[in-house]
Amino acid sequence: MSEIEHNTAHTRAGSDLKVRKTIVMVGMMGAGKTAVGRALAARLGVPFLDSDAEIESAANMSIPEIFERDGEPFFRAKESQVIGRLLDEERCVLSTGGGAFLSPDNRAMISERGASVWLKADLDVLWNRVRHKDTRPLLRTPDPRATLRALYEARVPLYAQADLTAVSDGEASIEEMVDRVIEVLKTRPDVVEQG
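Worth saying up front: this structure is predicted, and the values here are computed from it rather than measured.

Notes on the nonpolar core
For soluble globular proteins, the rule of thumb is that nonpolar side chains tend to be buried together. Core analysis: the biggest nonpolar cluster contains 60 residues, and Ile23, Met25, Leu40, Val93, Leu148, Val181 and Leu185 have the highest contact counts within it. Top element by residues in this core is helix α8 (residues 174–185). It accounts for six residues. Filtering out sequence-adjacent residues up to four positions away, isoleucine 23 remains in contact with Leu40, Leu44, Cys92, Val93, Leu94, Ala115, Val117, Leu185, Val191 and Val192.

Some points on helix α7 (residues 144–159)
An ideal rise of 1.5 Å per residue puts 22 Å on 16 residues; α7 measures up with 21 Å between its terminal C-alpha atoms. Along α7, the largest kink reaches about 30° and is centred on glutamate 153; proline proline 157 follows within four residues of it. Of the positions making up α7, those classed as buried are Thr147, Leu148, Leu151, Arg155 and Tyr159. Contacts from the buried residues of α7 go to α4 (72–88), β5 (114–120) and α6 (123–130).

Thoughts on the sheet that holds strand β4 (residues 93–95)
Reading across from one edge, β3-β4-β2-β5-β6 is the order of the five strands in this open sheet, with parallel pairing throughout. Each having just a single partner strand, β3 (48–50) and β6 (164–167) make up the two edges of the open sheet. The sheet shows a mean angle of 25° between the axes of neighbouring strands, direction not considered. Here β5 runs beside β6; their pairing, made up of four bridges, is parallel. Within the sheet, the bridge partner assigned to lysine 120 lies in β6 and is valine 167.

Section: the packing of aromatic side chains
According to the stated counting rule, one finds two aromatic pairs in the structure shown. With 5.0 Å between their ring centres and 45° between their planes, phenylalanine 67 and phenylalanine 75 make a pair best called tilted. Overall, phenylalanine 75 belongs to the buried group, its relative accessible area being 3%.

Some details on the environment of threonine 96
Tracing the backbone shows threonine 96 in the loop between β4 and α5 (104–113). For the pair threonine 96 and methionine 28, spaced 68 residues apart in the sequence, the C-alpha separation amounts to 9.8 Å. Not counting the four nearest positions on each side in its chain, threonine 96 is found in contact with Val24, Met25, Val26, Lys33, Ser51 and Ile83.

What counts and what doesn't
- Residues numbered from 1 in each chain as written.
- Predicted model: local features only at pLDDT ≥ 70, side-chain atom pairs only at ≥ 80, totals over all residues.
- Heavy atoms only, no water.
- Core = buried A, V, L, I, M, F, W, Y, C linked by side-chain atoms within 4.5 Å.
- Buried < 20%, exposed > 50% of the residue type's maximum accessible area, 1.4 Å probe, protein only.
- Helix = DSSP H or I, 4+ residues; strand = E, 2+ residues; numbered from the N terminus.
- Contact = heavy atoms within 4.5 Å.
- Expected span 1.5 Å × (residues − 1).
- Bend = angle between axes of the 7 residues up to and from the residue.
- Pairing = 2+ DSSP bridges.
- Axes fitted to C-alpha atoms, helices over the stretch in contact; angles between N-to-C directions.
- Phe/Tyr/Trp six-rings, centres within 6.5 Å; stacked < 30°, edge-to-face > 60°.

Below is the structure:
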């Protein structure tokens with residue numbers, strides 16, 4: 001008799017899915033792309049990658065430092081290169097920076113080689129999550145809430161072009177958000193299939 005006991009009664013939704021394409025988390029800063037993406041990757045048994053972390057590692061400096069030294073256009077060009085490289089690597093869950101999905105080229109590349117999942121959160125939820133953090137270079141303004149509102153209003157129509165959407169209402173736990181994402185992923189058998 002094996003010393004390892006398998007109790008399948010406790011497996012969570014998604015653990016029996018096979019990832020066929022990279023799942024790309026998109027949305028506003030504070031939507032939960034990294035936290036939900038990391039938990040989703042663990043549930044699906046695939047690697048989790050973060051495009052911002054990959055950029056920081058390659059540049060050996062933080063995103064705010066890159067913005068300050070080289071400007072946003074330079075950063076966006078590097079971001080596109082990194083996302084393209086990561087989409088070509090093994091299937092995974094990839095979290096992207098809030099501005100990555102704004103580029104038409106990035107949106108097309110992600111939809112062709114992966115599938116985008118928009119974590120849709122309203123402005124109040126986002127503000128509650130980002131207002132005490134100093135790691136958001138775009139919010140280093142005299143009125144960060146007004147800046148966030150302007151970014152939100154400009155970006156939501158572009159995020160709405162994502163392949164799939166999961167609502168992040170600020171009430172759901174990370175595991176509940178993973179359940180929501182898995183439910184929308186199941187509508188795309190080209191992205192995930194039952195194991």
